[in-house]
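This is what each chain is made of:
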Amino acid sequence: MGKMEKTFLVFTCIFKWNYINALFSVKVPESSYTVQIGTTVDLECNFPVIDTLRIKDLTITWLWRKSPETDQQEVYVFHNGKEDISKQDSRYKGRATLVKDTLFTGRVVLQISNIRLSDRGTYQCLIGYGGADYRHIDLLVEDEIDHTLWPNKRGYYGVILAGSLIVTIMLITVGLSQIYGWCGIKKFGDHCTKAIKR
(Lines give C-alpha, C1' and ligand atoms only; values in the text may rest on other atoms or scores of the structure.)
Protein backbone atom coordinates (compact mmCIF):
# COMPACT_ATOMS: atom_id res chain seq x y z
CA MET A 1 0.00 0.00 0.00
CA GLY A 2 1.42 3.35 -1.06
CA LYS A 3 1.63 6.55 0.95
CA MET A 4 -1.35 8.03 -0.88
CA GLU A 5 -3.52 4.99 -0.11
CA LYS A 6 -2.52 5.06 3.59
CA THR A 7 -3.35 8.76 3.86
CA PHE A 8 -6.71 8.19 2.18
CA LEU A 9 -7.45 5.28 4.56
CA VAL A 10 -6.64 7.41 7.63
CA PHE A 11 -8.91 10.24 6.46
CA THR A 12 -11.66 7.73 5.68
CA CYS A 13 -11.46 6.28 9.20
CA ILE A 14 -11.51 9.74 10.76
CA PHE A 15 -14.51 10.73 8.64
CA LYS A 16 -16.41 7.58 9.56
CA TRP A 17 -15.61 8.04 13.28
CA ASN A 18 -16.81 11.65 13.25
CA TYR A 19 -19.92 10.65 11.34
CA ILE A 20 -20.75 7.92 13.83
CA ASN A 21 -20.19 10.29 16.76
CA ALA A 22 -22.42 12.87 15.11
CA LEU A 23 -25.24 10.31 15.01
CA PHE A 24 -24.60 9.16 18.60
CA SER A 25 -25.64 11.71 21.21
CA VAL A 26 -26.01 11.54 24.98
CA LYS A 27 -28.70 13.68 26.59
CA VAL A 28 -29.77 14.45 30.16
CA PRO A 29 -33.39 14.95 31.36
CA GLU A 30 -32.07 17.18 34.15
CA SER A 31 -28.75 19.02 34.18
CA SER A 32 -28.96 19.78 37.91
CA TYR A 33 -30.29 17.96 40.97
CA THR A 34 -30.84 19.29 44.50
CA VAL A 35 -31.12 16.75 47.34
CA GLN A 36 -30.83 16.60 51.10
CA ILE A 37 -28.28 14.77 53.21
CA GLY A 38 -29.15 11.12 53.89
CA THR A 39 -31.48 10.71 50.89
CA THR A 40 -31.03 8.81 47.61
CA VAL A 41 -30.60 10.43 44.19
CA ASP A 42 -30.96 9.00 40.67
CA LEU A 43 -28.71 10.78 38.17
CA GLU A 44 -29.83 10.02 34.64
CA CYS A 45 -28.49 10.36 31.11
CA ASN A 46 -29.91 8.85 27.91
CA PHE A 47 -28.46 7.36 24.73
CA PRO A 48 -30.07 6.08 21.52
CA VAL A 49 -30.87 2.37 21.25
CA ILE A 50 -31.89 1.03 17.84
CA ASP A 51 -33.71 -2.30 17.88
CA THR A 52 -32.13 -4.52 20.57
CA LEU A 53 -29.41 -3.34 22.93
CA ARG A 54 -26.08 -5.11 22.50
CA ILE A 55 -25.12 -5.04 26.14
CA LYS A 56 -21.55 -6.30 25.56
CA ASP A 57 -20.84 -3.35 23.27
CA LEU A 58 -21.90 -0.84 25.94
CA THR A 59 -19.45 1.08 28.10
CA ILE A 60 -20.58 3.51 30.78
CA THR A 61 -18.32 5.64 32.95
CA TRP A 62 -19.48 7.98 35.70
CA LEU A 63 -16.90 10.45 37.00
CA TRP A 64 -17.08 13.14 39.69
CA ARG A 65 -15.18 16.28 40.48
CA LYS A 66 -15.74 18.82 43.24
CA SER A 67 -14.80 21.80 41.07
CA PRO A 68 -13.20 22.50 37.67
CA GLU A 69 -9.84 22.88 39.41
CA THR A 70 -9.87 19.38 40.97
CA ASP A 71 -9.15 15.99 39.40
CA GLN A 72 -11.93 13.64 38.40
CA GLN A 73 -12.67 10.62 40.56
CA GLU A 74 -14.21 7.37 39.36
CA VAL A 75 -17.72 6.76 40.66
CA TYR A 76 -18.88 3.80 38.58
CA VAL A 77 -17.82 1.87 35.45
CA PHE A 78 -19.83 -0.59 33.36
CA HIS A 79 -17.70 -2.22 30.66
CA ASN A 80 -18.58 -4.94 28.13
CA GLY A 81 -21.76 -5.86 29.97
CA LYS A 82 -20.10 -6.11 33.37
CA GLU A 83 -19.62 -3.91 36.40
CA ASP A 84 -16.05 -2.78 37.04
CA ILE A 85 -15.52 -1.01 40.36
CA SER A 86 -11.86 -1.92 40.77
CA LYS A 87 -10.85 1.76 40.59
CA GLN A 88 -13.96 3.18 42.22
CA ASP A 89 -13.36 6.00 44.67
CA SER A 90 -13.66 4.65 48.21
CA ARG A 91 -16.30 7.24 49.14
CA TYR A 92 -18.78 5.61 46.74
CA LYS A 93 -18.23 1.97 47.64
CA GLY A 94 -21.54 0.39 48.59
CA ARG A 95 -23.43 3.60 47.78
CA ALA A 96 -23.19 4.01 43.99
CA THR A 97 -24.82 1.51 41.67
CA LEU A 98 -26.24 1.32 38.15
CA VAL A 99 -29.90 0.50 37.55
CA LYS A 100 -29.56 -2.32 34.99
CA ASP A 101 -33.20 -2.71 33.94
CA THR A 102 -33.37 0.75 32.34
CA LEU A 103 -30.36 0.22 30.05
CA PHE A 104 -32.41 -1.58 27.40
CA THR A 105 -34.47 1.57 26.82
CA GLY A 106 -31.40 3.81 26.65
CA ARG A 107 -31.69 5.18 30.19
CA VAL A 108 -28.49 5.20 32.23
CA VAL A 109 -29.41 5.76 35.87
CA LEU A 110 -26.71 6.11 38.52
CA GLN A 111 -28.19 5.66 41.97
CA ILE A 112 -26.32 7.13 44.94
CA SER A 113 -27.68 6.33 48.39
CA ASN A 114 -27.10 7.95 51.78
CA ILE A 115 -26.13 11.29 50.24
CA ARG A 116 -23.33 13.19 51.97
CA LEU A 117 -22.42 16.83 51.82
CA SER A 118 -19.15 15.81 50.14
CA ASP A 119 -21.10 14.30 47.19
CA ARG A 120 -21.92 17.73 45.78
CA GLY A 121 -20.11 18.65 42.60
CA THR A 122 -20.19 17.85 38.89
CA TYR A 123 -20.79 14.32 37.57
CA GLN A 124 -19.81 13.27 34.06
CA CYS A 125 -21.78 10.58 32.26
CA LEU A 126 -19.65 9.10 29.47
CA ILE A 127 -21.21 6.48 27.19
CA GLY A 128 -19.58 4.44 24.46
CA TYR A 129 -21.89 2.49 22.15
CA GLY A 130 -20.88 2.52 18.50
CA GLY A 131 -20.03 6.20 19.04
CA ALA A 132 -19.11 8.09 22.18
CA ASP A 133 -20.48 11.16 23.92
CA TYR A 134 -20.83 12.61 27.42
CA ARG A 135 -22.82 15.10 29.47
CA HIS A 136 -22.35 16.85 32.80
CA ILE A 137 -24.77 16.90 35.73
CA ASP A 138 -24.48 19.18 38.76
CA LEU A 139 -25.44 17.81 42.17
CA LEU A 140 -26.33 20.25 44.96
CA VAL A 141 -26.60 18.92 48.50
CA GLU A 142 -28.50 20.87 51.13
CA ASP A 143 -27.62 20.70 54.81
CA GLU A 144 -30.77 19.36 56.44
CA ILE A 145 -30.48 21.62 59.53
CA ASP A 146 -29.83 24.78 57.55
CA HIS A 147 -32.60 23.89 55.12
CA THR A 148 -35.10 23.54 57.96
CA LEU A 149 -34.18 26.83 59.56
CA TRP A 150 -33.64 28.85 56.42
CA PRO A 151 -35.50 27.22 53.51
CA ASN A 152 -35.07 30.25 51.26
CA LYS A 153 -34.69 34.01 51.24
CA ARG A 154 -38.42 34.51 51.55
CA GLY A 155 -38.49 32.32 54.64
CA TYR A 156 -35.48 34.16 56.07
CA TYR A 157 -37.12 37.55 55.68
CA GLY A 158 -40.38 36.11 57.02
CA VAL A 159 -38.66 35.04 60.24
CA ILE A 160 -37.03 38.47 60.59
CA LEU A 161 -40.36 40.23 60.01
CA ALA A 162 -42.19 38.00 62.51
CA GLY A 163 -39.47 38.60 65.10
CA SER A 164 -39.64 42.36 64.61
CA LEU A 165 -43.42 42.28 64.93
CA ILE A 166 -43.25 40.34 68.21
CA VAL A 167 -40.67 42.75 69.65
CA THR A 168 -42.82 45.73 68.60
CA ILE A 169 -45.93 44.28 70.26
CA MET A 170 -43.95 43.59 73.43
CA LEU A 171 -42.62 47.16 73.53
CA ILE A 172 -46.11 48.58 72.99
CA THR A 173 -47.51 46.34 75.74
CA VAL A 174 -44.80 47.34 78.19
CA GLY A 175 -45.22 50.99 77.28
CA LEU A 176 -48.98 50.90 77.81
CA SER A 177 -48.61 49.12 81.12
CA GLN A 178 -46.15 51.79 82.24
CA ILE A 179 -48.57 54.56 81.20
CA TYR A 180 -51.57 52.96 82.89
CA GLY A 181 -49.50 52.25 85.98
CA TRP A 182 -48.35 55.84 86.17
CA CYS A 183 -51.90 57.14 85.67
CA GLY A 184 -53.17 54.84 88.42
CA ILE A 185 -50.54 56.10 90.84
CA LYS A 186 -51.31 59.72 89.91
CA LYS A 187 -55.07 59.24 90.47
CA PHE A 188 -54.39 57.57 93.81
CA GLY A 189 -52.15 60.48 94.83
CA ASP A 190 -54.74 63.06 93.85
CA HIS A 191 -57.40 61.19 95.82
CA CYS A 192 -55.21 61.11 98.90
CA THR A 193 -54.45 64.83 98.61
CA LYS A 194 -58.18 65.67 98.41
CA ALA A 195 -58.92 63.49 101.45
CA ILE A 196 -56.23 65.21 103.54
CA LYS A 197 -57.54 68.65 102.63
CA ARG A 198 -61.00 67.66 103.81
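Just so we're clear, the structure is a prediction, and the values are computed from it rather than from any experiment.

Conventions used here
Sequence order as written defines the numbering, with residues in each chain counted from 1. Only residues with pLDDT of at least 70 are given local features in this predicted model, and only at 80 or more are side-chain atom pairs given and counted; all residues enter the totals for whole chains, interfaces and linings. Side-chain numbers here rest on the full set of heavy atoms in the structure, without hydrogens or water. Helix and strand labels come from DSSP, where a helix needs a run of H or I of at least four residues and a strand needs a run of E of at least two; each type is numbered from the N terminus. Burial classification: accessible surface area is computed with a 1.4 Å probe over protein chains only, and a residue below 20% of its type maximum counts as buried, one above 50% as exposed, and the rest as partly exposed. In what follows, residue pairs with any heavy atoms lying within 4.5 Å of each other are defined as contacts. Reported accessibility uses the Shrake-Rupley method at a 1.4 Å probe radius. Residues are deemed covered only where the shown protein chains occlude them. What counts as a disulfide here is a pair of cysteine sulfur atoms lying within 2.5 Å. In these notes, a set of buried Ala, Val, Leu, Ile, Met, Phe, Trp, Tyr and Cys residues joined through side-chain atoms within 4.5 Å is what counts as a nonpolar core. Strand pairing is assigned whenever DSSP identifies at least 2 bridges connecting the two strands. Every angle, taken between N-to-C directions, lies between 0 and 180 degrees, and every axis is a line fitted to C-alpha atoms, over only the stretch in contact when it is a helix.

K.L.:
For this particular structure, what's the right way to read the overall build of the chain?
P.N.:
When its secondary structure is counted, the chain shows 3 helices and 9 strands. The N-to-C order of helical and strand elements in the chain reads α-β-β-β-β-β-β-β-β-β-α-α. The buried share among the 198 residues of the chain stands at 24%. Counting contacts in the chain only where the partners sit at least 6 residues apart, residues at least 24 apart contribute 57% of the total. Accessible surface, the chain: about 13,900 Å² in total, of which carbon and sulfur atoms supply 61%.

K.L.:
Please clarify how unusual backbone geometry should be interpreted in this entry.
P.N.:
The phi angle of most residues is negative, glycine excepted, and most peptide bonds adopt the trans form. Unusually for a residue other than glycine, Asn 80 sits at a positive phi of about 55°. Considering the arrangement of structural elements, one finds Asn 80 in the loop between β4 (73-79) and β5 (82-83).

K.L.:
Would you mind showing me how to read the side chain of Thr 61 here?
P.N.:
Here Thr 61 lies in strand β3 (residues 59-65). Classification of Thr 61 as buried rests on a relative accessible area of 15%. With residues near it in sequence (within four places) discarded, Thr 61 still touches Tyr 76, Val 77, Gln 124, Cys 125 and Leu 126.

K.L.:
Looking at this structure, I do not really get the environment of Leu 110. What am I missing?
P.N.:
By the secondary structure assignment, Leu 110 is in strand β7 (residues 107-112). With 65 residues separating them in the primary sequence, Leu 110 and Cys 45 have C-alpha atoms 8.7 Å apart. The contacts of Leu 110, once residues within four sequence positions are left out, are Val 41, Asp 42, Leu 43, Trp 62, Val 75, Tyr 76, Ala 96, Thr 97 and Leu 98.

K.L.:
Whenever I open this one, the state of the cysteines confuses me. Can you help?
P.N.:
The bond known as a disulfide is covalent and runs between the sulfur atoms of two cysteines. Throughout the structure, instances matching the rule amount to 1 disulfide. The residue that forms a disulfide with Cys 45 is Cys 125, at a sulfur-sulfur distance of 1.9 Å. Taken together, the positions of Cys 45 in strand β2 (residues 41-46) and Cys 125 in strand β8 (residues 121-129) put the pair 80 residues apart, joining distant regions of the chain.

K.L.:
How should the nonpolar core be read in this particular structure?
P.N.:
With 31 residues, the main nonpolar core has Leu 43, Trp 62 and Val 108 as its most contacted residues. For this core, the element with the most residues is β8, which contributes 4 residues. When residues no more than four places from it in sequence are discounted, the contact partners of Leu 43 are Tyr 33, Trp 62, Val 108, Val 109, Leu 110, Ile 112, Tyr 123, Ile 137 and Leu 139.

K.L.:
Just checking my understanding: could you explain the sheet that holds strand β6 (residues 96-98) for this structure?
P.N.:
Strands in a sheet are paired, the pairing made by backbone hydrogen bonds, and the direction either parallel or antiparallel. Ordered by their spatial adjacency, 3 strands build an open sheet running β2-β7-β6, and the pairing between neighbours is antiparallel. Bordering the open sheet on either side are β2 and β6, each of which pairs with just one other strand. In this sheet, adjacent strand axes meet at a mean angle of 20° when their direction is disregarded. Judged from the 6 bridges that link them, β2 and β7 form a sheet pairing that is antiparallel. The residue of β7 that forms the bridge with Val 41 is Ile 112.

So yeah, pure geometry; function would need other evidence.
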